Amino acid sequence: MGEFLNILLDLSCMAEHLPAGILVHGFSRYKPSESKSLKESINHFHMRELEASDYRSAYHQFSDWLYGWSVSDGTDENVKRIPRDIELKHDRERADAERLMKTFETLTSISLRHLKVCFSVIEVEMPKLGTGLDTLSTNNGDDSSQHDLTLNQGHILEKVWATKLENNADLPILDPEILDSIEKEEKENLEKEKQSDFNESDFPQPRSRQGSIVPDLQAGADGVTPSRQGSIVTQLSGLASHHGSFQFLKSPEAKLSQINELVDEPEAISKEDSLGMDGMAKEASHLIEAVSNTDLAFRALQRDVDHVFKEVDQCTEYILVAMCSVSAILGFAELLDDQEMFRKATQWAHEISQGFVSNTLKTVWDLFNREIPHETTLATLRNPTELKGLLLKLIKLREVDGMVPKLKYRKLYHKFATLHDIFTLMDIHIFPNFVFVHKEGVKCAKFSAFDSCLWLTGGYDCHIRITDIRESNKHMTLAQYIGHKSIITDVQFTKNDSHIVSSSYDRTLKIWNAQTAVCERTLSGHLDAVTSCDVSVDGRFIASSSLDNCVRFWDFSTGECITVIKKHTRWVKIVRFSHDGRYLATAGMDRKVYIWDTKILINSRSPSHSRCIDNFNDYVLDMVLFKPTLLLTTSRDSMLKLFDFSTGHEMFTFNLAPSWACTLSLSANGEYVVTGSFDNNINIFKTKDLTKVREIRAFNLGILCVRFPVDLSYILVGTTEGFIQEIPL
């Protein structure tokens, strides 16, 4: 079945010879022929042959169409195949391409049905971990699969993946011989627990620290040696009295080691006379039963975790084949200019990615937390390398006598890495590069004029930081500015990056020396939280907005409040200067944007606005002014609007519904604008007419800000989790 993943190699070859833009762009960064993860995924693909036939047939049809008919028969894999000349203007070639696209559409539909079944099975099984899922799934019913279904729709026969494996042949957590010996040992132990008498020879005799046999201290007054039960009671009661309570360990081997170590201590034996025979017998019986039950429960949990991990592995394989099919559909849809199919395939890709995150990754997170809870962090789910380390550690816990089991899911991290590469082809970023910069959300960000890899950020943790996001510099934090007592809402560099201006929910603004990280001045006056701030291009003035419905205009050099604007009737959300500093725009919850002449603000205590723009059906969330007199806004009514603020004329609009953008940013050259939405959608538009250029999805728990660097090589995303992501362009 792994053969189907080779279609990625053929699609990359197709992108070199046919003008499919999405494939050309995607494979310009991703080279399947150089991907180790793809090779490992193919070599460790476990889908059964029964389900593989349709996918293999579709792959051969596509390969034959791309390289020439009958090429797939007996072709040497080491020989590089060259695509034939394909002219989609010809009716026959176009008909063949449409037929192949329809074939992949059918395969995607089948894969989605399989995925729904797999997701449902995992959701049912997760709450039952430790109850013997493995045994139930293999002993329930006959030799056929528990989840095999036959769905007749026309002439399509869909065989859904089976969660039960026949004859328990594919389900060992160890090599068969080791598994048999362990199962035999467990059965013998269970039988021994049921017996009322014990064989003393089965237990080691207590030894002193010098290694000699400790004399039997429980011999009766008549010199008769007690029974086996008395001997084990003596040892265990001594352990209990010497150490207070028995510490149960997760690993059975660790428990046995602890018992042996404590039995070796002579102090444990010295407590025997303090307990009566009946009490010691009862205590030892309970202790033995608890140890045995804990061992059995732990082993049952491990088997169930392995079982669910194998379900996750199967689910991941179906996601892989589904995304390969979607990639082919997108390529054909663009070549055939089938926009409806392109939108449909894009929607499929988004649905699959959501299922992968909400079910597969969440399940992996839960499984890790069941066995190694203190080593699983959010970063684990965003870094395949760390995921690999945890997975190998989990498998290491199953080691017996120095032998590590060859579990089928041991290469799961390679499949995740391959999935990330395929998703990235469609601008869906599951595992983008990220840097933790704050303990909580990253509310605002600004790049340095000296180096666009140096980012100034403000967070929900009340801190301001400058971070070098280059991996070569180990994502080093270069400076930290501490002084605010609440959430940082905005940060701005002044001219030449000599100073930093910040605003906060603590009702203040602060001016910091960027070099020394010293707060040189605190600006007070707002009666409620300060929501944003901006600095004029010449560095002379500061503007701030607040939840007190006011805008304040400050002198940077003195910290004096020059004027207070009280025009807004509700909270003021954002303030921004124009590119030349001549105008100030203010927007808020009253659904209005006011334009102010800065000269009037400087010279008047009761300034009047130059223009009011009220073409909004909901409150304004963010805005930016740029050359010559253009204003771009995003509002809660899902609308992105471009105005000429000198006349108030609404030039272009774009409806983002059902989503809405909470943040936007302009590129340094003014040609592009990027918006970030609450549902993790990132959209890039041309500013001249709001034509959408790209739509990107990023895996995080919420977008707070998006920013362009100078070179437009990536988008920086600030998230609610406290880290910034680099989304490559």
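Shown above is the structure to which this text applies.
The shown structure was predicted, so the numbers you read here are calculated from the model rather than taken from an experiment.

## Examining the sheet that holds strand S25 (residues 661-666)
Next, step 1: Pairing is mixed across the open sheet formed by 5 strands, whose spatial order is S3-S28-S27-S26-S25. The sheet is open, and its two borders are formed by strand S3 (428-429) and S25, each paired with just one other strand.
Next, step 2: The strands that helix H12 (residues 339-371) touches are S3 and strand S28 (692-698); relative to S28, the one it contacts most, it runs at about 20°.

## Describing the sheet that holds strand S16 (residues 561-565)
Next, step 1: Ordered by their spatial adjacency, 4 strands build an open sheet running S13-S14-S15-S16, and the pairing between neighbours is antiparallel. With one partner strand each, in any of the chains shown, strand S13 (530-535) and S16 form the two edges of the open sheet. On average, each strand axis in the sheet is inclined to that of its neighbour by 15°, with strand direction left out of account.

## Concerning the environment of Trp-65
Next, step 1: Here Trp-65 shows up in helix H4 (residues 49-67).
Next, step 2: Classification of Trp-65 as buried rests on a relative accessible area of 0%.
Next, step 3: With 21 residues separating them along the chain, Trp-65 and Ile-86 place their C-alpha atoms 9.1 Å apart.
Next, step 4: Setting aside its immediate chain neighbours within four residues, Trp-65 contacts Leu-18, Arg-84, Ile-86, Leu-88, Glu-93, Asp-96, Ala-97, Leu-100 and Phe-332.

## Some remarks on empty space enclosed by the protein
Next, step 1: Tallied over the full model, the rule gives 1 cavity of 30 Å³ or more.
Next, step 2: Roughly 40 Å³ of volume is contained in the largest cavity.
Next, step 3: Contributing to the lining of the largest cavity are Ile-22, Leu-23, Ser-327, Leu-330, Leu-425 and Met-426.
Next, step 4: Broken down by class, the residue content of the lining of the largest cavity amounts to 5 nonpolar, 1 polar and no charged.

## Brief notes about the packing of aromatic side chains
Next, step 1: Under the counting rule described, the total for this entry stands at 22 aromatic pairs.
Next, step 2: Relative to Trp-512, the ring of Tyr-481 has its centre 5.8 Å away and its plane inclined at 70°; by these criteria the two rings are edge-to-face. Highlighted residues: Tyr-481 in strand S8 (residues 477-482) and Trp-512 in strand S11 (residues 508-513), separated in sequence by 31 residues. In terms of burial, Tyr-481 and Trp-512 fall into one category: buried.
Next, step 3: Judged by centre distance (4.8 Å) and plane angle (65°), the ring pair of Phe-654 and Phe-685 falls under edge-to-face. Pair noted here: Phe-654 is in strand S24 (residues 649-655) and Phe-685 is in strand S27 (residues 681-686), with a separation of 31 residues, a long-range link.

Rules used throughout
- Residues numbered from 1 in each chain as written.
- Predicted model: local features only at pLDDT ≥ 70, side-chain atom pairs only at ≥ 80, totals over all residues.
- Heavy atoms only, no water.
- Pairing = 2+ DSSP bridges.
- Helix = DSSP H or I, 4+ residues; strand = E, 2+ residues; numbered from the N terminus.
- Contact = heavy atoms within 4.5 Å.
- Axes fitted to C-alpha atoms, helices over the stretch in contact; angles between N-to-C directions.
- Buried < 20%, exposed > 50% of the residue type's maximum accessible area, 1.4 Å probe, protein only.
- 1 Å grid on protein atoms, 1.4 Å probe; cavity = no way out; pocket = protein on both sides within 12 Å on 5 of 7 lines; lining within 4 Å.
- Points joined across faces, edges and corners; volume = space filled by probe spheres on them.
- Nonpolar A, V, L, I, M, F, W, Y, C, P; charged D, E, K, R; others polar.
- Phe/Tyr/Trp six-rings, centres within 6.5 Å; stacked < 30°, edge-to-face > 60°.

By themselves, these figures tell us nothing about what the structure is for.
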